[in-house]
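# A look at the structure
So the chains spell out like this:
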Amino acid sequence: MHIETEAIRTQMERSQYSEHSSPVYLTSSYVFDDAEEMRASFSEEKERNIYSRFSNPNTSEFIEKIAVMEGAEAGYAFATGMSAVFSTLAALLNSGDHIVSARSIFGSTHSLFTKYLPKWNITHSYFSVNEPEKIEELIKPETKVIFAETPTNPGVDILDLEHLGKIAKNHNILLIIDNCFATPYLQNPIKYGADLVIHSATKLIDGQGRVLGGVTVGSSELIREIYLFSRNTGPALSPFNAWILSKSLETLPVRLDRHCENALKVAEFLEQETNAENVKYPFLRSHPQYEIAKKQMKAGGNIISFEIKGGVEAGRKFIDGVQLCSRSANLGDTRTIVTHPASTTHSKLKEEERLEAGIKPGLIRISVGLEHVEDIINDLKQALNT
Ligand SMILES: *Cc1c(COP(=O)(O)O)cnc(C)c1O
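Throughout this document, residue positions are counted from 1 along each chain, in the order its sequence is written. Predicted model: local features are reported for residues with pLDDT of at least 70 only, side-chain atom pairs are reported and counted for 80 or more only, and whole-chain, interface and lining totals are derived from all residues. Neither water nor hydrogens contribute to the side-chain values; these are computed over all heavy atoms in the structure.

### Thoughts on the packing of helix 3 (residues 57-70) against helix 9 (residues 239-272)
Working convention: axes come from line fits to C-alpha atoms, limited for helices to the stretch in contact. Angles between N-to-C directions cover 0 to 180 degrees. Strands are runs of DSSP state E lasting at least 2 residues, helices are runs of H or I lasting at least 4, and numbering of each runs from the N terminus. Two elements in contact, helix 3 and helix 9, have axes separated by 7 Å at closest approach and are oriented at 35°. You can see that helix 3 and helix 9 cross each other, and the crossing is left-handed. Contacts between helix 3 and helix 9 involve N58, T59, E61, F62, K65, I66 and M69 from the former and P239, A242, W243, L245, S246, L249, E250 and L252 from the latter. Polarity classes work like this: nonpolar for Ala, Val, Leu, Ile, Met, Phe, Trp, Tyr, Cys and Pro, charged for Asp, Glu, Lys and Arg, and polar for all others, with Gly in that last group. Taken together, the residues that form the contact of helix 3 with helix 9 break down as 9 nonpolar, 3 polar and 3 charged. Crossing chirality is assigned from the near helix's rotation relative to the far helix, an anticlockwise turn below a right angle marking it left-handed and a clockwise turn marking it right-handed. In this analysis, two residues are considered to be in contact whenever any of their non-hydrogen atoms come within 4.5 Å of each other.

Written as structure tokens, this is what we have:
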């Protein structure tokens, strides 16, 4: 069936109350009929819920939906996107292993690679999103994983998933894609050879700025490793949040259609503004990787970046000038959000590190929401011209 139908009709079994919409199962544990059933369940001869750190009907429904939408066999749901990234890597990597990653990645993922994984002797090499032809030079015998996000945060660059998939296959290493900006509706990396797909469900999957969550999907074999690690270390998603997120998936396709329509109009408006330079949106013809975006994405997503004339000061002034849009670091909300990475999310980086990651002093990131597009544009217009 179509992804819109799967997002609505993938549902847990009904209880004896015949509810139409899935209920919330806020329970930490489950009961057994007798000692034999308990033994069989713990030894995994029988598949059933034992304890909500392992599984729960609400988290299972959420995982199944994401897996169906991404074309994956299985998955595990986490308390946050970062616990999904960390637990996935911690479950699969050993001391001495090496990661090849795009340099433009989420700030906390960068901290994980540079500050924490080295404690367990897991190292990394970064490639620039503008030099995908240099990726293979970085691969060593110890390389176990290629890691990337596309579109990237906050630069909105696009990496060619098919190219990454081929490299991973040729070298027999895992390709892990953080698909947060695209969601399962706009892009399915597994089709292009990704082994695992990670989402921060906190963003567009929730879509209304309410709960945190994360998920990893892929082959049953890899997910089994991640499941065993997580079942023992405890990053599980709360059943309540899983219930919210599974409900949100029912409307993901219609929400995304409007997010993308609004974002394209806002991007086209910004391209005409003299105070906004270097406007980047995947489905603008001027985007350097427009052809790749068209190949692998259904639409351009809801994130736009541009540079405001006048550097850091102008960036801060613009942020102060918006009246409707929210000043926040989140993204993927119904409310349009503006962020100035150089003075906030990436302020701890050195200037040269920021530039290497494509973050110019005047870079502004907009997460386009679901307000009427004319109201969004009018607010941006007045903020740009004050
Ligand atoms: C927000 C985000 C994360 C982390 O997700 P949390 O749910 O905040 O932990 C990871 N990757 C990307 C691309 C993100 O935008």
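After that view, the rundown keeps rolling.
### Overview of the site of the ligand
Close to the ligand lie T80, G81, M82, F106, E149, D178, C180, F181, S200, T202, K203 and G213, which account for all nearby residues. Residue T202 places a side-chain N or O atom 2.6 Å away from an oxygen atom belonging to the ligand. Under this definition, polar contacts are N or O atom pairs within 3.5 Å; protein pairs additionally need one hydrogen-donor-capable and one acceptor-capable atom, and for neighbouring residues in sequence, both atoms have to be side-chain atoms. The side chain of K203 places a nitrogen or oxygen atom 2.7 Å from an oxygen atom of the ligand. Methods summary: accessible areas were calculated by the Shrake-Rupley approach with a probe of 1.4 Å, and residue burial reflects only the protein chains presented. Protein chains shield 91% of the accessible area of the ligand, which is 380 Å² for the free molecule. Here a residue is near a molecule or strand as soon as one of its heavy atoms is found within 4 Å of it.

### Overview of helix 3
A rise of 1.5 Å per residue sets the reference length of helix 3, with its 14 residues, at 20 Å; its end C-alpha atoms lie 20 Å apart and thus fit the reference within 8%. Exposure is judged per residue with a 1.4 Å probe applied to protein chains only, and the accessible area is read against the type maximum: over 50% gives exposed, under 20% gives buried, and values in between give partly exposed. Taken residue by residue, helix 3 has P57, N58, T59, E61, F62, I63, K65, I66, A67, M69 and E70 as its buried positions. In this structure, the buried residues of helix 3 make contact with helix 1 (3-9), strand 1 (74-78), helix 7 (183-186), strand 6 (196-200), strand 7 (214-218) and helix 9. The distance from a side-chain oxygen at the start of helix 3 to the backbone nitrogen of N58 is 2.7 Å, and the residue carrying that oxygen is N56. Just past helix 3, the residue G71 takes up positive phi, approximately 70°. A helix is expected to span 1.5 Å for every residue after the first.

### Describing empty space enclosed by the protein
Here a cavity is any set of points on a 1 Å grid over the protein atoms alone where a 1.4 Å probe fits but cannot get out, and a pocket is any open set with protein on both sides within 12 Å along at least 5 of 7 lines; a residue lines the site when it has an atom within 4 Å of a point. Grid points are joined across faces, edges and corners, and a volume is the space filled by probe spheres set on the points. A complete count under the given rule lists 1 cavity of 30 Å³ or more for this structure. Computed from the structure, the largest cavity encloses a volume of approximately 30 Å³. If you go around the largest cavity, the residues you meet are P151, V156, F181, P282, M297, G300, G301, N302 and I303. Residue composition of the lining of the largest cavity, by class: 6 nonpolar, 3 polar and no charged. Per the annotation, domain bounds derive from an automatic or database assignment of domains. Counting only domains with at least three residues in the lining of the largest cavity, you end up with domain 1 (3-249) and domain 2 (252-384).

### Examining the layout of surface pockets
There is about 920 Å³ of room inside the largest pocket. In terms of lining residues, the largest pocket is bounded by 31 residues, among which E47, F54, S55, S60 and Y227 are the most central. When grouped by side-chain class, the residues that make up the lining of the largest pocket number 13 nonpolar, 9 polar and 9 charged. The computed volume of the second largest pocket comes to approximately 440 Å³. A per-class count over the lining of the second largest pocket returns 6 nonpolar, 10 polar and 5 charged. The residues that make up the lining of the second largest pocket include at least three from each of domain 1 (3-249) and domain 2 (252-384).

### A look at the packing of aromatic side chains
A pair of aromatic rings is counted whenever rings of Phe, Tyr or Trp (Trp by its six-membered ring) have centres within 6.5 Å, and the orientation is called stacked for planes under 30 degrees apart, edge-to-face for over 60 and tilted otherwise. Applying the stated rule across the entire model yields 8 aromatic pairs. For the pair F86 and W120, a centre-to-centre distance of 6.3 Å together with 45° between the ring planes defines the contact as tilted. In this pair, F86 sits in helix 4 (residues 81-92) while W120 sits in the loop between helix 5 (107-116) and strand 3 (123-127), placing the two residues 34 residues apart along the sequence. Judged by its relative accessible area of 31%, F86 is partly exposed. You can call W120 partly exposed: its relative accessible area is 43%. Ring centres of F113 and F147 lie 5.5 Å apart, and the angle between their planes is 85°; on these two criteria the pair is classed as edge-to-face. Separated by 34 residues along the polypeptide, F113 in helix 5 and F147 in strand 4 (residues 143-149) bring together distant segments of the chain.

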